[in-house]
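# Summary of structural features
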Amino acid sequence: MSLTSALLEHEVAPGTERLRTSDVSSLTIVIFASGSRGDVQPYVALGLYLQEKGHRVFIATEERMRPLVEEFHLQYRRLGGDPTGFLFEPDGCVRLAKASMFELVKITEAWDKKYPKDQILSTYVTCAEDAD
């Protein structure tokens, strides 16, 4: 039995109804994923499954994850900011490995100042504009 079949056969809580794929027409779905490749890739897999089921799928993530999204022929939307981006700078991991807890807080605060929170949040709103 496939994972999908197992999930569809799983019992639902009393008083709730099971959603059947035949009950849903094509939707526009935006999946928000942020972080490293290991954080984003499972959502790419989910997006592929949903696209196979006839939905229009967008993955909203940081610019550095765009090649991953497009490699699997999913549509990309750009999220502002990059909370883990300093790890991918040439000396990012070295700095973290050598940093004390106090230095780590300073590195994180300095990185966060690059991305004003209101600008980041506005990109979430923009990415979700035509989602169902």
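The present account deals with the structure reproduced in this document. (Residues numbered from 1 in each chain as written. Predicted model: local features only at pLDDT ≥ 70, side-chain atom pairs only at ≥ 80, totals over all residues. Heavy atoms only, no water.)

### Considerations on the sheet that holds strand E1 (residues 28–32)
- The sheet built from three strands is open, its strands ordered E1-E2-E3 with parallel pairing. In the strand order of this sheet, the two ends are held by E1 and strand E3 (75–78), each with one partner. This sheet shows a mean twist of 30 degrees between the axes of neighbouring strands, independent of strand direction.
- Summarising the sheet, E1 and strand E2 (residues 56–61) pair through five bridges and their orientation is parallel. (Pairing = 2+ DSSP bridges. Helix = DSSP H or I, 4+ residues; strand = E, 2+ residues; numbered from the N terminus. Axes fitted to C-alpha atoms, helices over the stretch in contact; angles between N-to-C directions.)

### Observations concerning the pattern of salt bridges
- Summed over all chains, the structure comprises four salt bridges.
- Put simply, Arg56 and Asp130 hold a salt bridge, and the shortest N to O gap is 3.8 Å. Linking Arg56 in strand E2 with Asp130 in the segment after helix H6 (117–127), this pair joins segments that are 74 residues apart in sequence.
- Judged by relative accessible area, Asp130 falls into the partly exposed class, the value being 36%.
- The salt bridge involving Arg66 is made with Glu70; its shortest N-O contact spans 2.9 Å. Taken together, the residues Arg66 and Glu70, both in helix H3 (residues 66–71) and four residues apart, mark about one turn of the helix.
- Judged by its relative accessible area of 37%, Glu70 is partly exposed.
- One network of salt bridges, in which partners are shared, links Arg56, Arg77 and Asp130. (Salt bridge = Lys/Arg side-chain N within 4 Å of Asp/Glu carboxyl O. Buried < 20%, exposed > 50% of the residue type's maximum accessible area, 1.4 Å probe, protein only.)

### A few points about the nonpolar core
- With 13 residues, the main nonpolar core has Ile31, Val40, Val44, Val57, Ile59, Val69 and Leu74 as its most contacted residues.
- For this core, the secondary structure elements donating two or more residues are E1, helix H2 (37–52), E2 and H3.
- The leading source of residues in this core is H2, at three residues.
- Sequence-distant contacts of Val44, that is, excluding residues within four places in its chain, are made with Ile59, Leu68, Val69, Phe72 and Leu74. (Core = buried A, V, L, I, M, F, W, Y, C linked by side-chain atoms within 4.5 Å. Contact = heavy atoms within 4.5 Å.)

### Digging into unusual backbone geometry
- Unlike most non-glycine residues, His73 shows phi in positive territory, near 60 degrees.
- With respect to the element layout, His73 can be found in the loop between H3 and E3.
- Residue class for His73 comes out exposed when judged on its relative accessible area of 67%.

### Quick notes on the packing of aromatic side chains
- For the structure on display, the rule yields one aromatic pair.
- Arranged with centres 5.3 Å apart and planes meeting at 10 degrees, the rings of Phe32 and Tyr124 form a pair that is stacked. Taken together, the residues Phe32 in strand E1 and Tyr124 in helix H6 connect sequence positions 92 residues apart.
- Overall, the relative accessible area of 31% leaves Tyr124 in the partly exposed class.
- Above the ring of Phe58, the side-chain terminus of Arg77 is found at 3.7 Å from the ring centroid. (Phe/Tyr/Trp six-rings, centres within 6.5 Å; stacked < 30°, edge-to-face > 60°. Lys NZ or Arg CZ within 6 Å of the ring centre and 35° of its normal.)

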